[in-house]
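An overview of the molecular structure
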Amino acid sequence: MTVAPAEKAGITDLPKLGLGLGLRNTHFDHILNHWPDVDWFEAISENFMDSGGRPRQVIREVAERYPVVLHGVSLSIGSSDPLDMDYLQRLKLLAQEVQPQWISDHLCWTGVMGLNSHDLLPVPLTEATLDHIAARVHRVQEILGRPLILENPSTYLDFHANTLSEPEFLRALCERTDCGLLLDVNNVFVSCFNTENDPSDYFDSFPWSRVVQMHLAGHTDCGTHLIDTHDQPVRPEVWALFALAWQRSNGASTLLEWDGNIPSFEECHRELLKAKAYMKGGLAQLTGRYAPMPGALAVSNPVNFLVPDVMAGSAELEDR
Amino acid sequence: MSAPIELSDLQQWMQSALIEPKATSRQEIETRVRSTSRLSAVAALGIYQNSYHLRIAACMRDQFPALCYALGEGLFNDFVAEYISQAPPESYTLYDLGRRFAGFLQANRPDLDAPESEPWVDFIIDLARFERQIFSTFDCAGAEDLHLAQLTTPDPDLCVQPSLSVAAYGFPVGDYYHAVRQEKSPQPPEREPVYLAVLRKDYVTHTVPVSFAHFIFLQEMCRGGTVGSALSAVSQQLSQDLARVKLAWSEVSEIRDNWIEAGFFLDRSRA
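What you see is a predicted model; the values in this text were computed from it and never measured.

**What to know about the overall build of chain A**
Within chain A, the secondary structure is distributed over 11 helices and 10 strands. Over its C-alpha atoms chain A spans a radius of gyration of 19 Å, differing by no more than 12% from the 20 Å that the globule rule assigns to 320 residues. Dimensions of chain A along its principal axes, counting C-alpha atoms only, are 65 × 45 × 40 Å. Taken across its 320 residues, chain A has 55% of its residues classed as buried. Sequence-distant contacts in chain A: of pairs separated by 6 or more residues, those separated by 24 or more amount to 81%.

Quick look at the structure:
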């Protein structure tokens, strides 16, 4: 068996992939027909790990031509339920097949008592939670045979129980487990706004040496709070944070997520390539803040983009 | 690796608050969650509560587009809200979300106490079953990497390909589904027994109406049967002489050829 690029490697051995895009169902045809000039793709693990149909075939073909990273939404590393060994084995099988550069998921929990909310729910940031999650990260890394990369989620509330900041929690988790981090720059902006923290303070205490990857995305301003909707261009304030994050992370692999009202592949790619200006030290225009939409029914962590348009992909009724 | 009790306790509380928002008191929320100058603790938790329902309703609309059209989005969302309240998602995969939906609709049909079933309720349940059949076929194991049978493949070597399924319905749900797909604004159809084979070939999902006899035949083959056992099943269920059924199968090769060309069968000898 071929050894995957990241297998048995520490996070310092992981490559800097440049600018990548999320591999989305709606772009499959464009990618297979044009093989666009994109540095790499990030695939949502759950969209491919159980597939016996076209998604599995597409990721095989894409992985032959581009570096691919697997990004999960269902590991539930922070849950008080036991780890789902069936899920981990399926993830491992997919990784053996597509040889991803690394595997990531979120610092969150998705459900307990055998249920799944399909949301990325916040964990209480305490020493006890840290002990619990560190033990689970060790176990996951043993099973997958590679470091786990964890993302800071977008959060909309703060628990009274919290005794650590998110950067402090992530720093301690990395020190205990040698895991890596996926810094979602938009999530930093969203979470800091919602919990009334300063993104500069977040950045100042963030363990930058552990950052393997970054995410960019758009959010919705609901007036009293921001929601991580992934359904529009990156906001100027987030580009400004990205310029700083690019320097501090020493040019970590960067990916644009666009998961709601997904535009054409070319438009997503154009949005991604805006990053180049900020990588060269450009400063974002911080004026012209988008108008808030109070009371908007925005959905955090949208996942319906993972559901394929089966109706569009069906043939007409046949008469045989 | 047992979880700290305070973590289990908080997560069970928060999950219950998502599933049953009305059962969670303001006092409980304020004990657990901080308020900010812009957002009360109740409003902050409300973001998760709203998103939970909206997110799953969006996924269900994508999995049942024709049913959503038939019911209208508002009523469809109401059914989904009740569905996930009774049967919250259990799987890590969103593809599992709609697995129990037709069963939920059947168990909660409004005409349970009526002397006769309401046709529109039967239609809604049938349509939910059909859309699940279609959705499952999209990404299940298929024949794309396997050897499909050829016209020359002998009968004993025919077996059904992995994605083929057949189902009986009391309404022409396939016609309705495809009319919605073509944006023809169809009306709910009249009762009419239909039998539909659904399969995937070259990553495209096909729906093929079949006769009752063909349904019996294909159902037996989907259960792992052979052409021989499928012909016996037809003979038994239609009370037809087996020799006559076998003769019809061998003389009317058009059906067999059509099915082979449509990708119904694998060549067992090349598996």
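There's more to say after this.
**Description of the overall build of chain B**
Per the secondary structure count, chain B includes 12 helices and 5 strands. Against the compact-globule benchmark of 18 Å for 271 residues, chain B has a radius of gyration of 24 Å, which places it well outside the compact range. Out of the 271 residues in chain B, the part that is buried amounts to 41%. Taking the contacts inside chain B whose residues are at least 6 apart along the sequence as the reference set, 60% of them involve residues at least 24 apart.

**A word on the packing of helix H5 (residues 127-144) of chain A against helix H6 (residues 166-177) of chain A**
Residue and element names in this part refer to chain A. Contact pair H5 / H6: the axes reach a minimum separation of 10 Å and the direction vectors enclose 45 degrees. One finds that H5 runs oblique with respect to H6. Both H5 and H6 take part in a crossing whose hand is right-handed. Touching Leu130, Ile133, Ala134, Val137, His138 and Gln141 of H5 are Phe169, Ala172, Leu173, Arg176 and Thr177, all from H6. Considering only residue class, the contact of H5 with H6 consists of 7 nonpolar, 3 polar and 1 charged.

**What to know about the environment of Cys140(B)**
Looking at where Cys140(B) falls in the secondary structure, it is placed in the loop between helix H7 (119-139) and strand E1 (158-160). Assessed through the 18 C-beta atoms surrounding it within 10 Å, Cys140(B) is described here as partly exposed. Along the backbone, Cys140(B) and Ser185(B) are 45 residues apart, and their C-alpha atoms lie at a distance of 30 Å. Dropping the residues within four chain positions of it, Cys140(B) is found in contact with Gly52(A), Gly53(A), Pro162(B) and Ser163(B).

**Observations concerning the sheet that holds strand E3 (residues 68-71) of chain A**
All names here are of chain A. Reading around the barrel, the 8 strands line up as E1-E2-E3-E4-E5-E6-E7-E10 and close back on themselves, with parallel pairing between neighbours. Sheet twist, expressed as the average angle between the axes of neighbouring strands with direction ignored, equals 30 degrees. One ladder, built from 3 bridges, connects strand E5 (residues 148-151) with strand E6 (residues 180-184); its direction is parallel. Paired with Glu151 across the two strands is Leu182, which belongs to E6.

**Quick look at the environment of Asp126(B)**
Residue and element names in this part refer to chain B. Inspection of the secondary structure puts Asp126 in helix H7. For the pair Asp126 and Gln106, spaced 20 residues apart in sequence, the C-alpha to C-alpha distance is 9.5 Å. When neighbours within four sequence positions are excluded, Asp126 is seen to be in contact with Tyr169, Gly170, Phe171 and Val173.

**Description of the sheet that holds strand E2 (residues 165-169) of chain B**
Residue and element names in this part refer to chain B. Taken in spatial order, the 3 strands line up as E2-E3-E4 in an open sheet, and their pairing is antiparallel. Looking at strand neighbours, the two that pair on one side only are E2 and strand E4 (204-210), the edges of this open sheet. This sheet shows a mean twist of 25 degrees between the axes of neighbouring strands, independent of strand direction. Pairing of strand E3 (residues 194-201) with E4, which is carried by 7 bridges, proceeds in the antiparallel orientation. Residue Arg200 lies in a different strand from E4, and its bridge partner there is Thr205. Along the sheet face, helix H9 (residues 212-222) touches E2, E3 and E4 and points at about 140 degrees away from the line of E2.

**Description of H7(B)**
Compared with an ideal rise of 1.5 Å per residue, which puts 21 residues at 30 Å, H7(B) spans 31 Å between its outermost C-alpha atoms and is within 8% of the ideal. Counting buried residues along H7(B), 16 of its 21 residues qualify, which places the element largely inside the surrounding structure.

Rules of the game
Residues numbered from 1 in each chain as written. Chains lettered and ligands numbered in written order. Predicted model: local features only at pLDDT ≥ 70, side-chain atom pairs only at ≥ 80, totals over all residues. Helix = DSSP H or I, 4+ residues; strand = E, 2+ residues; numbered from the N terminus. Rg over C-alpha atoms; globule rule 2.2 N^0.38 Å. Buried ≥ 20, exposed ≤ 12 C-beta atoms within 10 Å, placed from the backbone. Contact = placed C-beta atoms within 7 Å. Axes fitted to C-alpha atoms, helices over the stretch in contact; angles between N-to-C directions. Parallel < 35°, antiparallel > 145°, perpendicular 65-115°, else oblique. Left-handed = near helix turned anticlockwise from the far one by under 90°. Nonpolar A, V, L, I, M, F, W, Y, C, P; charged D, E, K, R; others polar. Pairing = 2+ DSSP bridges. Expected span 1.5 Å × (residues − 1).

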